[in-house]
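One letter stands for each residue in the lines below.
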Amino acid sequence: MNSFKIVDSHCDTLLKINSGETNFFTKGSSRVNLPKIIDGGVFIQFMAVYVHQHYKPGLSLKRSLELINTFLGIVNDPRLIHIKNKEDLKHLLSNEKKIGLLLSLEGAEPIESIAVLDIFFHLGMRCIGITWNQRNMLADGCNETGGLTHFGKEVINKMSELGILCDVSHLSQASFWDVIKVTKKPIIASHSNCHALCPHPRNLTDSQIKELAQTGGVMSITFYPDFIGLNRNLDSIVKHIAHVGELVGIEHVGIGSDFDGAEFSIPNLENSSKLANLVKELKTSGFHKQEIEKILGNNIINLLKNTLPGGNHGS
Ligand SMILES: [Zn+2]
């Protein structure tokens, strides 16, 4: 078992649990499940609600509620803590044996009104990716060119107020810059890499990474093969991590595996249980223990300390 406390800010495993393809509590086929995250040293796992294309737009809300229901069905387990506020985080940090799960949304199609956002908050959602690749009522995604709508701005303001982290992965360039203007809180890119190393529309340019860091945010490097570059290996992932570190400081780097979101994986990092190989690669590349602790966990923990609602709110 890995001795580092790892925070993974993105996986799509809820879809596989919902379909019955995997069981979260046993060593099933999914790249993320409880035995694998324990083996890999994962301490907080973000669990994304992703609404597949064929439900959009009309059935987005229904489908997201089904996936939230799947999440609520597993997070009741006594080994887990549903992270909804600072108190839950404190409880987790003082309890070595528990694993924290954080409910997130990848693409805000279900957010049809501020009242729906309020309901999602009450259900314990604490991170929202404004778009997937396409346009929705809030903003344009990375396959489009427009920015935030008036409603999108209203939602982001309300998210800041409630204590829901704003995720800019998948946004169009214009939407990203609009978020920067609107947000009053630090933001996250939960699973994106560096455009300078792999020029893909899903990756962030150096100027975007600098602005994200200015908010006090975290850029989580992802293992999704298409966003890594020509050499899809551990060394390349470390290069993306190092690039963000050199550009804005190591305090602004995290990881967001996107496990169970991609069909393919990179060698020696096929699932959560293999995260010790990333630790090894970081050490080989010259990162010190304290730097690795920040990259793999503490940076996102600090971000959550800054963005989650206080006390027992939302519990
Ligand atoms: Zn994604």
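As shown above, the structure is provided for reference.
Residues numbered from 1 in each chain as written. Predicted model: local features only at pLDDT ≥ 70, side-chain atom pairs only at ≥ 80, totals over all residues.

Visitor: Any chance you could break down the overall build of the chain for me, citing the residues and the numbers?
Guide: Counting its regular elements, the chain contains 11 helices and nine strands. For a compact globule of 315 residues, the expected C-alpha radius of gyration is about 20 Å, and the chain comes in at 18 Å, within 12% of that figure. Its C-alpha atoms give the chain principal-axis dimensions of roughly 50 × 45 × 35 Å. Out of the 315 residues in the chain, the part that is buried amounts to 53%. For the chain, long-range pairs separated by at least 24 residues make up 72% of all intrachain contacts whose partners lie at least 6 apart in sequence. (Helix = DSSP H or I, 4+ residues; strand = E, 2+ residues; numbered from the N terminus. Rg over C-alpha atoms; globule rule 2.2 N^0.38 Å. Buried ≥ 20, exposed ≤ 12 C-beta atoms within 10 Å, placed from the backbone. Contact = placed C-beta atoms within 7 Å.)

Visitor: Outline the packing of helix α8 (residues 206–214) against helix α9 (residues 234–248), supporting the account with residue identities and numerical values.
Guide: Between α8 and α9, the shortest axis-to-axis distance is 10 Å and the interhelical angle comes to 65°. Once α8 is placed against α9, the crossing between them reads as right-handed. Along its contact with α8, which presents D206, I209, K210 and A213, the element α9 presents V244, L247 and V248. Looking at the contact of α8 with α9, its residues break down into five nonpolar, no polar and two charged. (Axes fitted to C-alpha atoms, helices over the stretch in contact; angles between N-to-C directions. Left-handed = near helix turned anticlockwise from the far one by under 90°. Nonpolar A, V, L, I, M, F, W, Y, C, P; charged D, E, K, R; others polar.)

Visitor: With reference to specific residues and values, describe the pairing of strand β2 (residues 42–50).
Guide: Along a regular strand, successive side chains alternate from one face of the sheet to the other. With nine of its nine residues buried, β2 lies for the most part within the structure. As defined by bridge partners, strand β1 (residues 6–8) adjoins β2 across three bridges and the pair is classed as parallel. The partner of I6 across the bridge, within β2, is V42. Pairing geometry for β2 and strand β4 (residues 99–106), over seven bridges, is parallel. In the strand pairing of β4, F46 is matched with L102. (Pairing = 2+ DSSP bridges.)

Visitor: An account of helix α5 (residues 114–122) is needed here, citing residue identities and associated values.
Guide: Within an α-helix, residues lying three or four positions from one another point in the same direction, as the helix has 3.6 residues per turn. The complete set of buried residues in α5 reads L117, F120 and F121. One face of α5 carries all of its buried residues, which in axial projection span an arc of 105°. In α5, the exposed positions angled more than 90 degrees off the buried face are occupied by A115, D118 and H122. Buried residues along α5 sit against β5 (125–129) and α6 (150–162). G124 lies just past α5 and shows a positive phi near 100°. (Arc of directions from axis to C-beta.)

Visitor: Requested: an account of the pairing of β5, with residues and values cited.
Guide: Of all five residues that make up β5, five are buried, and the element is covered over most of its length. Looking at chain direction, β4 and β5 are connected through four bridges and run parallel. Residue pairing across strands places S104 opposite C127, the latter belonging to β5. Remark: the β4/α5/β5 crossover connection has right-handed handedness. Sheet topology places β5 next to strand β6 (residues 165–167); three bridges connect them, and they run parallel. Looking at the pairing, G129 lines up with D167 of β6. Taken together, β5, α6 and β6 form a β-α-β motif whose crossover is right-handed. (Right-handed = clockwise from strand over helix to strand, strands pointing away.)

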